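Next come the chains, spelled out residue by residue.
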Amino acid sequence: MGDFDRALEMAKRALTSGRGGISLEAMILATAAYAASRLGDHALALRYGREQVSLLERMGDPDRTALGSFDLGSLSFAAGDWNGSVCHLDRALSGAHDRLPRALARLRLAEALIRSGDVTRAGEELGRFPFETVTAADQPTTLVCQLERVQGLVAAGQGDHVAALRHFDEAAEGWRQLSAMTTGEDPYRDAFIDLGRPPVAGLVELRVELGRVLADAAATLAELGRAGAAREYADEAVALGDATRFDGYRGILTSLEAVRCPN
Amino acid sequence: MPELNASILCLAQADKVWKLLHDPRRFPDWWAGVARVEASADGHVARYMAEWPDFEYPTRVETSADGGRIVISCLISDIAHEWRLEPAPEGCRVRARVVIPDDESHRAAALSDELDASLSRLAEVAEREP
């Protein structure tokens, strides 16, 4: 529904009630972490994420602990802590955990590696991606667009801006088509059923993702000196960020300001 | 139920083949006989064959947790195409399995030709992708 303030408030209330046992508490922590992350309160989100992992470790369930590490990697990613994200996602992917959205985790790891400056290893992770199991929690209809964007980032990291823009444009077109479709799919419901708990920061929102790829494309266009096109992409990315109340790509938006208001 | 199995070694990187398999918009580029594809309102995919351009074949595209397969099933005939990628030093190996319901077994020879043509085309298109 997108009411993250209310979701966070209810999760906090549930946590303070102290009823339901350790398993339920871990699920509520996942919900609270997701809502806090989505609202841009990354310190709080990471605190809930760490508490969740700590609880899951105490439960001694390796599959759920791997999911907790994926959550923590995603929360760190949203907070812009790329090295932390790499560390947690590496940990999540280190075993053969059936319930983990492995394809999504592998893509997110590749992007965190690019953002941390390790383009070579990011390329290696992309090479592993096609052989990963894909489940409903990976939100499979969105994976092609996500893969395109990460391929674009790798290309940009390798200095091939033309290839990068081709990937970004493919991804943007894909997100637009997905947004225009009225399907019976509900990513939140599918992820909830598949994981058996809220999807936390792993949830993919179409308009947020479109804004993200437009921001990346704008940055690449600006590097190529195509200021007019960069400005168009940047304006749409900013509008999408405003409409979805998403501040998760704060760093990119800051660079977009330079594109929007050139000296 | 009758089954067909085939595979091909593709010299392209696996991610290029993966995208062609997982993006229904790209089916007409490699799937023999598919003229166009549309997303249906209910989340399924509608395939239109070159032979019957106005007839919709409702199709379900599913991923399977069992070994990373993608299963593309015709909802009229229940014929299911399963595709799987395996790493190979030169690129990747694409494995395909077609499960044919008994009622449709008379189409096995035609489906075998379609499968061979589609696999070759898939590898060719992937190898040409920039």
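Now for a quick tour of the structure. What you are looking at is a predicted structure, and each value in this text was computed from that prediction instead of being measured.

Right, let's talk about the overall build of chain A for a bit. From N to C terminus, chain A includes 13 helices and zero strands. Starting at the N terminus and walking to the C terminus, you meet the elements of chain A as α-α-α-α-α-α-α-α-α-α-α-α-α. Considering chain A as a whole, with its 263 residues, one finds that 52% of them fall into the buried category. A separation threshold of at least 6 residues defines the contact pool for chain A, and within that pool the share at least 24 residues apart is 68%. Here chain A displays about 11100 Å² of accessible surface, and carbon together with sulfur accounts for 52% of that area.

It is worth spelling out a nonpolar patch on the surface at this point. All names here are of chain B. Side chains of Trp52, Phe55 and Ile76 sit close together on the surface and give an oily, nonpolar patch of about 340 Å² of accessible area. Tracing the backbone shows Ile76 in the loop between strand S5 (69-74) and strand S6 (80-88). Note on Ile76: relative accessible area 47%, which makes it partly exposed.

A word on the pairing of S5 of chain B. All names here are of chain B. By the criterion of burial, S5 is predominantly enclosed, with six of the six residues buried. Alignment of strand S4 (residues 52-64) against S5, held across six bridges, turns out to be antiparallel. Residue pairing for S5: Glu62 is matched across the bridge by Val71. Here four bridges tie S5 to S6, and the two strands are oriented antiparallel to one another. Residue Ser73 lies in a different strand from S6, and its bridge partner there is Ala80.

Further remarks concern the sheet that holds S5 of chain B. Whenever strands of a sheet pair, they do so through backbone hydrogen bonds, lying parallel or antiparallel. Residue and element names in this part refer to chain B. Taken in spatial order, the seven strands make up an open sheet running S1-S7-S6-S5-S4-S3-S2, and their pairing is antiparallel. Two strands close off the open sheet at either side, each with one partner strand: strand S1 (3-10) and strand S2 (34-39). Here the average twist between neighbouring strands, direction ignored, is 25°. Sheet strands touched by helix H1 (residues 14-22): S1, S4, S5, S6 and strand S7 (91-99). Its angle to S6, the strand with the most contacts, is close to 170°. Across the face of the sheet, helix H3 (residues 108-128) comes into contact with S1, S6 and S7 while running at roughly 20° to S1.

Okay, helix H3 (residues 42-59) of chain A next. Residues and elements named next belong to chain A. Taking 1.5 Å of rise per residue, the 18 residues of H3 would be expected to cover 26 Å, and the 25 Å separating its terminal C-alpha atoms lies within 8% of that figure. Listed in full, the buried residues belonging to H3 are His42, Leu44, Ala45, Leu46, Tyr48, Gly49, Gln52, Val53, Leu55 and Leu56. A positive phi of about 70° marks Gly60, the residue just after H3.

Residue and element names in this part refer to chain B. Phi at Asp78 is positive, roughly 65°, even though this residue is not glycine. Mapped onto the elements, Asp78 comes out in the loop between S5 and S6. In this structure Asp78 comes out as exposed when scored by relative accessible area, which is 52%.

Further remarks concern the nonpolar core. Core analysis: the largest hydrophobic core is formed by 83 residues, its most contacted members being Val17 and Trp83 of chain B. Listed in part, the 18 residues of the second largest apolar core include Ile28, Leu29, Val53 and Leu72 of chain A.

How each quantity is defined
Residues numbered from 1 in each chain as written. Chains lettered and ligands numbered in written order. Predicted model: local features only at pLDDT ≥ 70, side-chain atom pairs only at ≥ 80, totals over all residues. Heavy atoms only, no water. Helix = DSSP H or I, 4+ residues; strand = E, 2+ residues; numbered from the N terminus. Buried < 20%, exposed > 50% of the residue type's maximum accessible area, 1.4 Å probe, protein only. Contact = heavy atoms within 4.5 Å. Areas by Shrake-Rupley, 256 points an atom, 1.4 Å probe, with all protein chains shown as cover. Patch = residues over 30% accessible without salt bridge, like charges linked within 9 Å, V, L, I, M, F, W, Y side chains within 5 Å. Salt bridge = Lys/Arg side-chain N within 4 Å of Asp/Glu carboxyl O. Pairing = 2+ DSSP bridges. Axes fitted to C-alpha atoms, helices over the stretch in contact; angles between N-to-C directions. Expected span 1.5 Å × (residues − 1). Core = buried A, V, L, I, M, F, W, Y, C linked by side-chain atoms within 4.5 Å.

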